[in-house]
Amino acid sequence: MPPPSLIKQIEPWTRLSQLTYKIPEHGNRFFYSLGGMVVVGFLIMIATGLLLAQVYNPAPELAYQSLQTIQQMSGANYLRALHYWTAQGVIVALLLHLTRVFITGAYQHPRQVTWWIGVALLATMLMGSYFTGTVLKWDEEGLDALAHYKETLLHLGPIGAALTDALPGSPPMNFRIYVSHIALFPLVLIFLLVIHIYLIHTFNLSPTPKDPWANQPEIPESEMKGRFDQHLAHILVYSMLYYGWLAVLAFFVPAPLGGPPVPEHAALKPPWPFLWMYDFENLWGVVAVLFASSILFGLLALVPLIDRKQDRRFSARKPILTLGALLGATLVGLTLHGYIIPAQSHLSHSHGADSHKEAPSHHDQPDAHTDQHKKTGDSHDNPVKPNVKTPSNDTNQHPHEEGADSHAH
Ligand code: HEM
């Protein structure tokens, strides 16, 4: 926060004194500041993203090359690492925020809509922003993610197909993904954030499960012993420590960049926030991503409908807390399992995600198919290739050979 004298001077033009409204004292605790820390992280993402956009080239045939160039420019490389590590921090803070809200029963009346907007924020951040960011790397992992996206959409019939480059004359996928990443999803997030914050301001923070008024919709006015400007100051301090630590980490650990995309189906694992779905994908193929994520977000949306009581005390909420603990443990277990099992390929369509020209499918490669089944003992239909990582700089192959010539349709 700026010094008090400066605030006084600019008061006639800003009415900043309005930010001193009362909130409960517990709002200053770390776990009640996580939502604000996500907002700060989101702002850092926008700032670093804007700068990165000056050096990143979204043209499919140049995207991977521009990332290799960024890797060689120390400033730009650090910026990219900062963008990447801040994204990890935002996702972790967001998951902790959701957990805090769930455990304290803050989704109960009258905050159900706040919770539902939160679920929409989580879905947009993960399935929208994080996913499209992974694709923009345009390396083997990015192209694998895009191939998954295309195949999932093709399962949705003509409407899904229209969102891919399957229609004649449709723009390359990387352009669409780029626009979604830098404009569409940030705008959706800002829109949802405005509603989320409006609702939080309207209902103020909920009582904690230990408060004597834990069964009241709102905290009594007389018990509001904190101030919002102090809450903001706490958020800033926590954020400086949290993101500052990540900024130091970014200095030593650059953002990952895989090898160039290959025309075959590489066997890759998804980034960690999606690893919990990997077992389902191994069992049922790419379409499982659609079902697993819909079920998870659907379950989250049901929380305020399942626990409809007006009582946040732990003793009154044993069933929902047990269900939540089971779901959380399952997600963590699936993530760890996804981490240790060997990678498999699930794609039946071309890996040339931006290409209208299909790379040889497994039907065209009977030998490779049988060979891979022998190697892995894999029982389903998809060919499985060993994940042979090519060091990103150790290749003469143009990263987009397959996509570059493919737009001449
Ligand atoms: C971009 C993502 C999000 C941002 C920036 C955000 C921001 C915030 C902020 C600043 C608060 C004030 C209190 C606090 O920080 O704990 C808050 C409260 C709240 N958030 Fe979020 N949130 C996000 C996602 C979510 C998610 C995923 C959920 C749940 C599914 C959620 C549900 C709620 C609820 C119910 C409250 C009211 C809490 C109370 O009154 O104690 N939010 N959020």
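Every value quoted in this text rests on a predicted model; they were computed, and no experiment measured them.

Here is what the cut-offs are and how they apply
- Starting afresh in each chain, residues are numbered from 1 along the sequence in its written order.
- Local features in this predicted model are restricted to residues of pLDDT 70 or higher, and side-chain atom pairs are both shown and tallied only at a pLDDT of 80 or more, whereas totals for entire chains, interfaces and linings draw on every residue.
- The secondary structure listing takes helices from DSSP runs of H or I that are at least 4 residues long and strands from runs of E that are at least 2 residues long, numbered from the N terminus.
- Three exposure classes are used. Buried residues have 20 or more other C-beta atoms within 10 Å of their own C-beta, exposed residues have 12 or fewer, and partly exposed residues fall in between, all C-beta atoms being placed from the backbone.
- Two residues form a contact once the distance between their C-beta atoms, set from the backbone, is within 7 Å.
- Residue proximity rests on one test: whether the C-beta atom, placed from the backbone, lies within 6 Å of the molecule or strand.
- Residue classes follow a fixed rule: Ala, Val, Leu, Ile, Met, Phe, Trp, Tyr, Cys and Pro count as nonpolar, while Asp, Glu, Lys and Arg count as charged, and any other residue, Gly among them, counts as polar.
- To count as a nonpolar core, a set of buried Ala, Val, Leu, Ile, Met, Phe, Trp, Tyr and Cys residues must be joined through C-beta atoms within 7 Å.
- By this rule the span expected of a helix is its residue count minus one, scaled by 1.5 Å.
- Bend, at a single residue, is the angle you get between axes fitted to the 7 residues ending at that residue and the 7 residues starting at it.
- Per-residue confidence from the predictor is given as pLDDT, running between 0 and 100.

1. Structural notes on the overall build of the protein chain
In step 1: The helix and strand tally for the protein chain stands at 14 helices and two strands.
In step 2: Every one of the 409 residues in the protein chain was classed for burial, and the buried ones make up 37%.
In step 3: If you take every contact in the protein chain between residues at least 6 apart in sequence, the share linking residues at least 24 apart comes to 81%.

2. With respect to the site of the ligand
In step 1: Around the ligand, 27 residues are found, and the nearest of them are Gly-35, Val-38, Ala-106, Gly-118 and Ser-206.
In step 2: If you list the elements that add at least two residues to the shell around the ligand, you get α2 (34-52), α4 (74-103), α5 (112-136) and α8 (173-203).
In step 3: With seven residues, α5 is the single largest residue contributor to the shell around the ligand.
In step 4: Its residues assigned to classes, the shell around the ligand comprises 18 nonpolar, eight polar and one charged.

3. Structural notes on the nonpolar core
In step 1: With 56 residues, the main nonpolar core has Met-37, Val-38, Val-90, Leu-94 and Leu-146 as its most contacted residues.
In step 2: Among the elements of the structure, α2, α3 (63-72), α4, α5, α6 (140-155), α8, α9 (228-252) and α11 (287-306) are those that each provide at least two residues to this core.
In step 3: In terms of residue count, α4 provides more of this core than any other element does, 13 residues in total.
In step 4: In this view, Leu-94 contacts Val-38, Leu-122 and Met-125; residues no more than four positions away in its chain are not counted.
In step 5: In this structure, Phe-274, Trp-276, Met-277 and Tyr-278 belong to the second largest nonpolar core, which totals six residues.

4. Considering α8
In step 1: A rise of 1.5 Å per residue sets the reference length of α8, with its 31 residues, at 45 Å; its end C-alpha atoms lie 42 Å apart and thus fit the reference within 8%.
In step 2: At Ser-180, α8 shows its largest kink, close to 45°.
In step 3: The set of residues buried in α8 consists of Met-173, Asn-174, Ile-177, Tyr-178, His-181, Ile-182, Phe-185, Leu-189 and His-196.
In step 4: On its buried side, α8 packs onto α2, α3, α5 and α6.

5. Things to note about the confidence of the model for the protein chain
In step 1: Confidence along the protein chain averages 85 in pLDDT terms, with 83% of residues attaining 70 or more.
In step 2: The model gives residues 349-409 a pLDDT under 50, and that stretch makes 112 contacts with residues more than four places away or in other chains.

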